[in-house]
Amino acid sequence: MFRQFREEVEAALSAALSSLDLPDDDLGVEEPPEDVPATLASSVAFRLAGVVGAAPPSVAADIAEEISVDGYDYLAAVDTQGPYVNFHVTDAYYDDTLTAAAEDVEYGRLPSTGDSVVVEHTSANPTGPVHVGRARNPIVGDAVANLLDFAGNDVERHYYVNDAGRQMAVFTWAYETFDEDDLDSEPDRDRIEYDLVRYYQKGNAFLEEADPDEVEAAEAEITEILQGIEEGDEETYARVETVVDQVLGGMRECLARLPAEFDEFVKETRFMFDGRTRDLAERLKETDQAVYEEDAWQLELDEYDIEKNLVFLRSDGTSLYTTRDLAHHEWKFDNYDRAVTVLGEDHKLQAGQLRAALDLLGNDVDKLENVIFSWVNLPGGLGMSTREGTGVMLDDLLDEAIDRAREEVETRMEDRIRNDDLDEDDIERIARQVGIGAVRYDIVSKQPTKSITFEWDQALNFEAQSAPYIQYVHARCCGITDEAAAAGLDASDVDPSVLDTDAERELLRVIARFPAVVEEAADDLEPHTIATFARQFAEVFNRFYRECPVLSADDEEVAAARLALVESSKHTVANALDIIGVEAPESM
RNA sequence: GGGCGCGUAGCUCAGUCGGACAGAGCGUCGGACUUCUAAUCCGAUGGUCGCGGGUUCGAAUCCCGUCGCGCUCGCCA
């Protein structure tokens, strides 16, 4: 309803300004502070004061006077408070919000845009277990995908697998060269990628520490693997994929715990074998920006403010990661209306070169959008690295989160009032939902551009401003709706006007805003604003919960209307949580 | 050194496409469970929005400078 109201406000204000012969290019429509009893306001009078030659409050009064609310469904009245023009809603605004939200379990979902969007995220090289430094990518990526889906797009989630690069060649060589006996540690966990990463680490250590002769021999083998892939040699490909598929399989299991799941794992070798990479390199050579320097084909991107040349063919004629990624992206453009990529800030330059090169090749690069996130560090400024084996593993973080949540559930079980007979399975379910939810919320609720210092106690705080705080609201809603069903209370035909307390009105106002919050978050690709909304929503709901009894309300009409409000709340909070990838427990 | 990002309460963070007194949580201190679940709620405490200039009726927000931190500047990915 908020979205429609905003449109009405803009139309009414714009019309008034026109009839006063004032410019309406900047309406200055904004949300007023909490203590102002208006739903929207405009600061346009400040800007027009100079034009009119009067003080802002006087201009505001003139504008308010000129605005007609006739013919609008939700715009009830206009008044001023000093220089601000304030806009108030009709009862229909509240009525329609309650009806829409209470009846629709998908409340907040926007109408279809008709666009297909591919969201690529994570895409970590299959070198070993997922650590927390990388975990920001699947968590943010999954939320971005959910958000775009909820905003009406047809979304596919892709994981781009770098199976043709040097790292995988090193891994393959190490896997084939070393034996279990050569390794000096046991796997940290009984899953394939924890087993195999030891070969990768061993191989890298060897390349750094072994005698130069031995290193040279190893490098020759690695180069042979890379060239085999480049030439499309099936046997070499099979050797590499043996490693890739095993490690990726393990990483996939880990990511599924979040859960972050994918519609497709797109391997870069695919764009080598089908000839797209070669064709693309030929087209790049034809551009005016292509130069052949130091035996390698490069692209000069000065006109895109990128000083560094992009090498797209090595002196031995083989392709580079970015060359293959260019072919990958043209494939995306062929198959989707929009392409969103979630990537770490260390890939920013590469992403800029990619966009520039795609533009040179005549693609509409407006279809390509990036979400860039900064690093997650360990306390003390330590980084995380798979090659060096440093960092907190995502599996360990999730286990610890679930363990702490289980302890919490068991402690609370003793003085639990509600008599709904939770069994062992419930305890385990709640521990998992709360533990993993807390981790996800901790990460998804922050702006991706800011770097994060990972701290256990911070991430696993189960109180306010955390996932459990919000999940608890959902559980409370479910508790009420269950009781209401048992008591035969019906919320299908209610009179919204009986909801007249501040707490009830405030709750309806927040619910009404939800679709607009989804819209804005999707436009900006900022799922963290959904997390902020969910927290604010939970605060407002808790006030309602405290002040407005539902089942024991004074009369049946109020009880029914409040029940509808609880249904609305349940849908709103469930959907907000769903977007940020946090489960909504029915009891906890 | 060049480019990009970040700097808001003791700590972790919202707010940043200029607008109403800069907001939460944690922490500290003090209150509220015979009540639809207290993972809750209420109150107190806490700020030169890194620093210095500028633009503006108005700046945490825009511009310039400066300091600190991170990323980046491979025929790696």
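These notes cover the structure that comes with them. Predicted model only: the values in this text are computed from it and were never measured. (Residues numbered from 1 in each chain as written. Chains lettered and ligands numbered in written order. Predicted model: local features only at pLDDT ≥ 70, side-chain atom pairs only at ≥ 80, totals over all residues. Heavy atoms only, no water.)

### Quick notes on the overall build of chain A
Looking only at helices and strands, one finds 20 helices and 14 strands in chain A. Projected onto its principal axes, the C-alpha coordinates of chain A cover approximately 85 × 65 × 40 Å. Here chain A holds 588 residues, and the buried ones make up 53% of them. For chain A, long-range pairs separated by at least 24 residues make up 75% of all intrachain contacts whose partners lie at least 6 apart in sequence. Element-wise, carbon and sulfur atoms account for 42% of the exposed surface of chain A, whose accessible area totals about 26400 Å². Separation of charge centres in chain A, based on 49 positive and 132 negative side chains, amounts to 2 Å. (Helix = DSSP H or I, 4+ residues; strand = E, 2+ residues; numbered from the N terminus. Buried < 20%, exposed > 50% of the residue type's maximum accessible area, 1.4 Å probe, protein only. Contact = heavy atoms within 4.5 Å. Areas by Shrake-Rupley, 256 points an atom, 1.4 Å probe, with all protein chains shown as cover. Lys, Arg positive; Asp, Glu negative; His and termini not counted. Charge placed at Lys NZ, Arg CZ, Asp CG, Glu CD.)

### Observations concerning the environment of Leu-183
Within the fold, Leu-183 resides in the loop between helix H6 (166-177) and helix H7 (192-209). Separated by 16 residues in sequence, Leu-183 and Tyr-199 place their C-alpha atoms 7.3 Å apart. When near neighbours in sequence (up to four residues on either side) are disregarded, Leu-183 contacts Arg-198, Tyr-199 and Lys-202.

### Some words on the sheet that holds strand E5 (residues 116-120)
In space, the five strands of this open sheet follow the order E7-E6-E5-E11-E12, with parallel pairing throughout. The sheet terminates laterally at strand E7 (264-267) and strand E12 (368-373), the two strands that pair on one side only. In this sheet, neighbouring strand axes are inclined to one another by 25 degrees on average, regardless of whether the strands run parallel or antiparallel. Along the sheet, helix H9 (residues 234-256) contacts strand E6 (154-161) and E7; its crossing angle with E7, the most-contacted strand, is approximately 150 degrees. (Pairing = 2+ DSSP bridges. Axes fitted to C-alpha atoms, helices over the stretch in contact; angles between N-to-C directions.)

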